[in-house]
Amino acid sequence: MFTGIVEELGEIVRSTETGDDSALVAIRGPLVTSDARHGDSIAVNGVCLTVVDVDGGVFTADVMGETLRRTALGALRPGDPVNLERAAALNSRLGGHLVQGHVDGVGEIVAREPAAQWETVRFRLPAGLARYVVEKGSITVDGVSLTVAEAGDDWFSVGLIPTTLKLTVLGTKRIGDPVNLEVDVLAKYVERLLGDRGAGSAR
């Protein structure tokens, strides 16, 4: 479990194919590897990965084909920056919202509107996710916990403060770039519960 508060801007070191449908990815992150051990979880652009090995500030993680297909990790190349966050400790503050590190879909940046102190960024939503995104609700974009400013049928927008622009990959992403999206898991549970209730009433 994560909070969507990025701890460090890391870097892809290399990606090595380990089969027809998987890869071993090496990522530089001196902060997140300072106490990392084999088996620990680290979110990389919002994707929960399991640490295989740590060596000199670089950790490696296996990435299965399912993850490559359902996220934007497959588009990353050596030298690309990535948002990094260690799994939350039970005694830590919840600065963002509950984030699982399970990507629901890949969105796309469609507009950026700079202002004096912040920037408004609009994203295209994959089909089927719009019903989980509401104005003033929470959403995770490339591992960053954000508040939805506006929401439409197939898009949503957020306001990015200077700290987010400076310390995460969202500050350098361009129009057309893909982003990993994770909607608020509470919305999915509510939908399931209401659906089951409706089915029970029908019976």
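See above for the structure.
Below is a summary of the structure that appears in this document. All values reported here derive from a predicted model rather than from experimental measurement. (Residues numbered from 1 in each chain as written. Predicted model: local features only at pLDDT ≥ 70, side-chain atom pairs only at ≥ 80, totals over all residues. Heavy atoms only, no water.)

### Comments concerning the pattern of salt bridges
Phase 1: One pass over the full model with this rule turns up 11 salt bridges.
Phase 2: One salt bridge connects Glu66 with Arg70, and the closest N-O pair in it is separated by 3.6 Å. Remark: Arg70 and Glu66 occur in helix 1 (residues 65-70); sequence separation between them is 4 residues, near one turn of the helix.
Phase 3: The exposure class assigned to Glu66 is partly exposed, which follows from its relative accessible area of 38%.
Phase 4: Its relative accessible area of 45% is what places Arg70 among the partly exposed residues.
Phase 5: Each of Asp21, Glu66, Arg69 and Arg70 takes part in salt bridges that share partners, so that together they form one network. (Salt bridge = Lys/Arg side-chain N within 4 Å of Asp/Glu carboxyl O. Helix = DSSP H or I, 4+ residues; strand = E, 2+ residues; numbered from the N terminus. Buried < 20%, exposed > 50% of the residue type's maximum accessible area, 1.4 Å probe, protein only.)

### With respect to the sheet that holds strand 11 (residues 155-160)
Phase 1: Spatially, the 6 strands close up into a barrel ordered 7-8-11-10-9-12, and their pairing is antiparallel. When the angles between neighbouring strand axes are averaged without regard to direction, this sheet yields 45 degrees.
Phase 2: Bridge analysis of strand 10 (residues 144-151) against strand 11 gives 3 bridges, and the strand direction is antiparallel. Bridging across to strand 11, Val148 finds its partner in Val158. (Pairing = 2+ DSSP bridges. Axes fitted to C-alpha atoms, helices over the stretch in contact; angles between N-to-C directions.)

### Structural notes on the packing of aromatic side chains
Two aromatic rings are characterised by how far apart their centres lie and by the angle between their planes.
Phase 1: Inspection of every chain in the model, using the stated rule, returns 1 aromatic pair.
Phase 2: Taking the ring centre of Trp155 as reference, the NZ or CZ of Arg122 above it sits at 3.7 Å. (Phe/Tyr/Trp six-rings, centres within 6.5 Å; stacked < 30°, edge-to-face > 60°. Lys NZ or Arg CZ within 6 Å of the ring centre and 35° of its normal.)

### Topic: unusual backbone geometry
Phase 1: Of note, the phi angle at Asn45 is positive, near 50 degrees, even though the residue is not glycine.
Phase 2: Its place among the elements puts Asn45 in the loop between strand 3 (41-44) and strand 4 (47-55).
Phase 3: Even without a glycine there, the phi angle at Lys136 is positive, about 75 degrees.
Phase 4: Tracing the backbone through its elements, the reader meets Lys136 in the loop between strand 8 (119-124) and strand 9 (138-141).

### A few points about the pairing of strand 12 (residues 178-183)
In regular strands, side chains alternate between the two faces of the sheet.
Phase 1: The buried fraction of strand 12 is high, at 5 of 6 residues.
Phase 2: With 4 bridges connecting them, strand 7 (residues 105-114) and strand 12 associate as antiparallel partners. Note on strand 12: the bridge partner recorded for Val106 is Asn180.
Phase 3: Across 3 bridges, the pairing between strand 9 and strand 12 is antiparallel. If you follow Val141 over to strand 12, its bridge partner there is Leu181.

### Structural notes on the sheet that holds strand 6 (residues 81-86)
Phase 1: Around the barrel, which closes on itself, the 6 strands sit in the order 1-2-5-4-3-6 with antiparallel pairing between neighbours. The sheet shows a mean angle of 45 degrees between the axes of neighbouring strands, direction not considered.
Phase 2: Relative to strand 4, strand 3 is paired through 4 bridges, and the arrangement is antiparallel. Pairing of Val44 across the sheet is with Val47, part of strand 4.

### Topic: the pairing of strand 8
Phase 1: Where burial is concerned, the two faces of strand 8 differ: the one with Glu119, Val121 and Phe123 is buried and the one with Thr120, Arg122 and Arg124 is not.
Phase 2: Where strand 7 lies against strand 8, 6 bridges are found, and the strand directions are antiparallel. Paired with Pro114 across the two strands is Glu119, which belongs to strand 8.
Phase 3: In sequence, strand 7 turns back onto strand 8 through a hairpin of 4 residues.
Phase 4: Pairing of strand 8 with strand 11, which is carried by 6 bridges, proceeds in the antiparallel orientation. Residue Val121 lies in a different strand from strand 11, and its bridge partner there is Val158.

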